[in-house]
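# Inside the fold
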Amino acid sequence: MNDSTHTTNDQSYDVETDTQSNTTLAPERAHLQLAIDGMTCQACASRIEKVLNKKPSIYEVNVNFAGETANVDYDPTQTTPEQVTEWVNKTGFVANLQAGDSLFAQKDEDTATEYPWRLIGLWICLVPFLVGMAGMLVGQGMAWMPPVWIQFILATIVQFGLALPFYKSAWASIKGGLANMDVLVVIGTVTIWAYSTYLWLTHGDGTLNSLLQSSHGSGHGPAVYFEAGVMVIAFVRTGKYLEERTKKHSLNSIDLLLSLTPDEVEQQQPNGDFHNVALQDVQVGDILRAKQGSRVATDGMVIGGSGWCVESHLTGESVPLKKEEGDGLLAGALVENGSLLYRVSAKGSDTKLGDMVQALSDAQGSKADLARLADRVTAIFVPVVVAIALVTFGLTWWLTGAVSTALMHAVSVLVIACPCALGLATPAAIMAGMGVAARHGVWFKDAQSLEAAGNIDTVVLDKTGTLTIGKPTIVDNVMVDRSIAVDDVLQIAASVEAHASHPLATALINAATERQLPLMNVTDISVVKGAGIQANIESLGLVKVGTAEFANLTLPKFMPKVWQIASTVAVSINDEPLGAFALADDLKPDTPQAITALQDAGINVILMSGDKQSVVDHVAGQLGIEQAYGKMSPRDKASQIAVLQTAGHKVAMAGDGVNDAPAMATADASFAMFEGTDVAQHSASARLMGESLMHIDAAQKIANATLRNIKQNLFFAFLYNTLGIPLAAFGFLNPMIAAAAMALSSISVLMNALRLTRFKTEVELENTVSNPHNDGKGVTKV
């Protein structure tokens, strides 16, 4: 039997009980994430997906070329993570498991500081050719070009030594059944090298002396093109190096998050002294100290001292929070003032920061629907380009009669074609967008969730806990018989509500606690859907707590105005009404600003609540919301959202309770408020890590900016190839220019994606303008 929850929502009352259910959960899929080294373009990622998807034990595979990760869902009864890793390694790549605390492990210094010796060697070999080409620019013709035999040696070192990774990657991709960009580079440069070598060896009388004397400067040297092949390889490898650095550093928000925890911490010893120890040696239960200006290393509980902490890395809110004894601390929080002594409650991947890192890693590794188009194109890209190159060679040779001209045109076609720009267009923007969203306190579940949030035109909001603080208080009461003590009725109601989870229930329990009213033992707890909660109390009988109708209570016709704008909780014993409480909840301070921001962005805001219509209308009137629906059950909310979708709207739902889960599941996008129920967070496509409703506005704007960026990248990538290949085929681009253009195409896509990292919300822009210590530089609204 599995523990679960029974839930209900009615016109004004929603509850969650702690009773058990006999529902059997379906077996969960096992999930693993692999770090993959060796991918050079999107075709590599597609090849890994193709190989793994053929395995019957694999449910789903998403390989992120930009993030160099693979997210794999598999059947643990049929295979193991080690077996999956082996399958990937057989495709020609190096896969490593990312599990548990691996995200927080010390980085491999050799990998992190790897020096590009191969790239340096390429450019050293290229320098003589650059000198020769410089001579051509200043009117010296080919006089500065090195002798052909030196060109041959340099080109051979490059082609069969320094360019070896291209060959390995090309061969592995061909074996895998999906040719990648390296196949184009290898075919093009080997063809140039072979043709130039043939011209050199067949020039003159064929003697060694004749070969050594061949040079362009003498005026009788062969027309070789060794420099073209060397430059193509150097430019492409340079582009790959810059691309890798951008992906691993500038686009990698995960590294920025991991850097928030210190390598060393001050640990209290048994004698009371403090010693610096490595964070990895800290255990749960240890006592640590965080001073002003330092960061909290783990999740924990303050046991001494006081201070102000900034937790913006998780909540997106930069307002410092006062921390005193008994308060919780989050790993990565900056101690802005004071000194804190805290006991470790969780470390590494078990912390809230660790959860965020894993969630961000999984989300960045997912694939947006827009990426499917690029995947389909790259799957056939290389064979099509090779075919175009062969046609170009044949037609040019036939029309000009010059083999060398035809060869250069064909090689230019091979070199300029770039599936990398297409492959990077979506994942690069997704990585940047996810990182920016996390920085603003929004955790998208996956790329599809971010994509959906960027397309919404309607936002449906719950009232309690979403628009309001979610901590209602008793503002009035009415008793059927004035001889009945209010505290007695409150004690009875709180005793039953102790088995429910809802802001109204919490309000009654807190009120009973403040008045020091002990809770009674209750039995036979059950929920009546759409009405309330009931239970038996010994010596009293059946107690019902919920709507007035549920408790068989008819309220007087003329009640104080507060009852028109407050939620009602009625109480009865054995269907004899005792009385009712009016509970009011204040709006969150920034709720009006958030509603205005959404409406200014063209978003239609709708309020749906289980509370009575008068309360809902009052809140809607305060916020300028034109459409407001009260007395909505969970099914009503979901049905109304489905009606909006049928009318062509893209709908997002924001809520915090179990009762909001059906509507969240129905909506195109959904946001679970901070500290919402587990069911709500599980149903939502994004979690908001702060109390502020402005997080929804930030999520929508960041998602919209990310979608614009993806479309820009795809447009540029398609335009580049659409224009570049014909220009190369007609001879307007030589192989060197084509190689440089190809390298720049991928870098330009990455640079465009990097613009997202400078995104600022309206609030940040306002704060920057109002901050006298900030000159406004670097403020960008993407």
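Located above this text is the structure these notes cover.
Below: a short report on this structure. Being a predicted model, the structure only gives us computed values, none of them experimental.

About the thresholds
Residues numbered from 1 in each chain as written. Predicted model: local features only at pLDDT ≥ 70, side-chain atom pairs only at ≥ 80, totals over all residues. Heavy atoms only, no water. Helix = DSSP H or I, 4+ residues; strand = E, 2+ residues; numbered from the N terminus. Contact = heavy atoms within 4.5 Å. Areas by Shrake-Rupley, 256 points an atom, 1.4 Å probe, with all protein chains shown as cover. Buried < 20%, exposed > 50% of the residue type's maximum accessible area, 1.4 Å probe, protein only. Expected span 1.5 Å × (residues − 1). Pairing = 2+ DSSP bridges. Salt bridge = Lys/Arg side-chain N within 4 Å of Asp/Glu carboxyl O. Axes fitted to C-alpha atoms, helices over the stretch in contact; angles between N-to-C directions. Patch = residues over 30% accessible without salt bridge, like charges linked within 9 Å, V, L, I, M, F, W, Y side chains within 5 Å. Parallel < 35°, antiparallel > 145°, perpendicular 65-115°, else oblique. Left-handed = near helix turned anticlockwise from the far one by under 90°. Nonpolar A, V, L, I, M, F, W, Y, C, P; charged D, E, K, R; others polar. Phe/Tyr/Trp six-rings, centres within 6.5 Å; stacked < 30°, edge-to-face > 60°. Lys NZ or Arg CZ within 6 Å of the ring centre and 35° of its normal.

## Some thoughts on the overall build of the protein
- Within the protein, the secondary structure is distributed over 27 helices and 26 strands.
- A separation threshold of at least 6 residues defines the contact pool for the protein, and within that pool the share at least 24 residues apart is 69%.
- Of the accessible surface of the protein, which amounts to about 34200 Å², a share of 56% is contributed by carbon and sulfur atoms.

## Re the environment of Ile416
- By the secondary structure assignment, Ile416 is in helix H14 (residues 403-416).
- For Ile416, a relative accessible area of 2% corresponds to the buried category.
- Taking the C-alpha atoms as reference points, Ile416 and Ala740, 324 residues apart in sequence, are found 8.3 Å from one another.

## A short note on helix H19 (residues 503-514)
- With 12 residues, H19 extends 16 Å from end C-alpha to end C-alpha; this agrees with the ideal 16 Å at 1.5 Å per step.
- All of the buried residues in H19 are Pro503, Leu504, Ala505, Ala507, Leu508, Ala511 and Ala512.
- Considering only its buried residues, H19 is in contact with helix H17 (463-467), strand S16 (473-479), helix H18 (486-497), strand S20 (567-573) and strand S21 (576-584).
- Residue Gln516 follows H19 closely and has a positive phi angle near 55°.

## A short note on the pairing of strand S9 (residues 287-290)
- As judged from the 2 bridges shared by strand S7 (residues 264-268) and S9, these two strands associate in the antiparallel manner. When the bridges of S9 are listed, Glu266 appears paired with Arg289.
- Pairing between S9 and strand S13 (residues 334-346): 4 bridges, direction antiparallel. Directly across from Leu288, in S13, lies its bridge partner Tyr342.

## Let's talk about the pattern of salt bridges
- Summed over all chains, the structure comprises 8 salt bridges.
- One salt bridge in this structure joins Glu266 and Arg289, with 2.6 Å as the shortest N-O distance. Here Glu266, found in strand S7, pairs with Arg289, found in strand S9; they are 23 residues apart in sequence, far enough to count as distant.
- Judged by relative accessible area, Arg289 falls into the partly exposed class, the value being 26%.
- Asp462 serves as the salt-bridge partner of Lys637, at 3.3 Å between the closest nitrogen and oxygen. Note that Lys637 is positioned in helix H22 (residues 634-646) and Asp462 in the loop between strand S15 (458-461) and H17, a separation of 175 residues in sequence.
- Looking at Lys637, the relative accessible area reads 0%, which means it is buried.

## A word on the side chain of Thr392
- In this structure, Thr392 sits in helix H13 (residues 370-400).
- For Thr392, the contacting residues outside a window of four places in its chain are His409, Ala410, Val413 and Ala729.

## Things to note about the pairing of strand S19 (residues 541-546)
- Inspection of the sheet shows strand S18 (residues 532-537) paired to S19 by 6 bridges, in the antiparallel sense. Opposite Ile533, over in S19, you have Val545 as the bridge partner.

## Digging into the sheet that holds strand S14 (residues 442-444)
- In spatial order, the strands read S14-S26-S25-S24-S15-S22-S23; together these 7 strands make up an open sheet with mixed pairing. A single partner strand is all that each edge strand has here, and the edge strands are S14 and strand S23 (627-629). Within this sheet the neighbouring strands show an average axis-to-axis angle of 20°, counted without direction.
- Pairing geometry for strand S22 (residues 604-608) and S23, over 3 bridges, is parallel. Bridge assignment links Met608 to a residue of S23, and that residue is Tyr629.

## Let's talk about unusual backbone geometry
- The backbone phi angle of Asp524 is positive, close to 55°, even though this residue is not glycine.
- By the element assignment, Asp524 lies in strand S17 (residues 522-528).
- Accessibility expressed as a relative area gives 56% for Asp524, which makes it exposed.
- Notably, Asn574 is not glycine yet its phi reads approximately 50°, a positive angle.
- Within the secondary structure, Asn574 is located in the loop between S20 and S21.

## Things to note about a nonpolar patch on the surface
- A cluster of nonpolar side chains, contributed by Phe715, Leu719, Leu723, Leu727, Phe730 and Phe732, occupies part of the molecular surface with about 690 Å² of accessible area.
- If you trace the backbone, Leu723 turns up in helix H25 (residues 694-729).
- Residue class for Leu723 comes out partly exposed when judged on its relative accessible area of 48%.

## Notes on the packing of helix H5 (residues 148-162) against helix H7 (residues 181-201)
- Remark: H5 packs on H7, axes separated minimally by 11 Å, with the N-to-C direction vectors making an angle of 155°. Between H5 and H7, the crossing angle belongs to the class labelled roughly antiparallel. Considering how the two elements wind past one another, H5 and H7 form a crossing that is left-handed. Note on element contacts: H7 touches H5 through Thr189, Val190, Trp193, Thr197 and Trp200, opposite Val148, Trp149, Phe152, Ala155, Thr156, Gln159 and Phe160.
- Within the contact of H5 with H7, the residues separate by chemical class into 8 nonpolar, 4 polar and no charged.

## What about the packing of aromatic side chains?
- Using the criterion set out here, one finds 7 aromatic pairs in the structure.
- Ring centres of Phe160 and Trp193 lie 4.9 Å apart, and the angle between their planes is 85°; this geometry places the pair in the edge-to-face category. In this pair, Phe160 sits in helix H5 while Trp193 sits in helix H7, placing the two residues 33 residues apart along the sequence.
- Exposure remark for Phe160: the relative accessible area of 43% places this residue in the partly exposed category.
- In this structure, Arg289 packs its charged tip against the face of Phe274, placed 3.9 Å from the ring centre.

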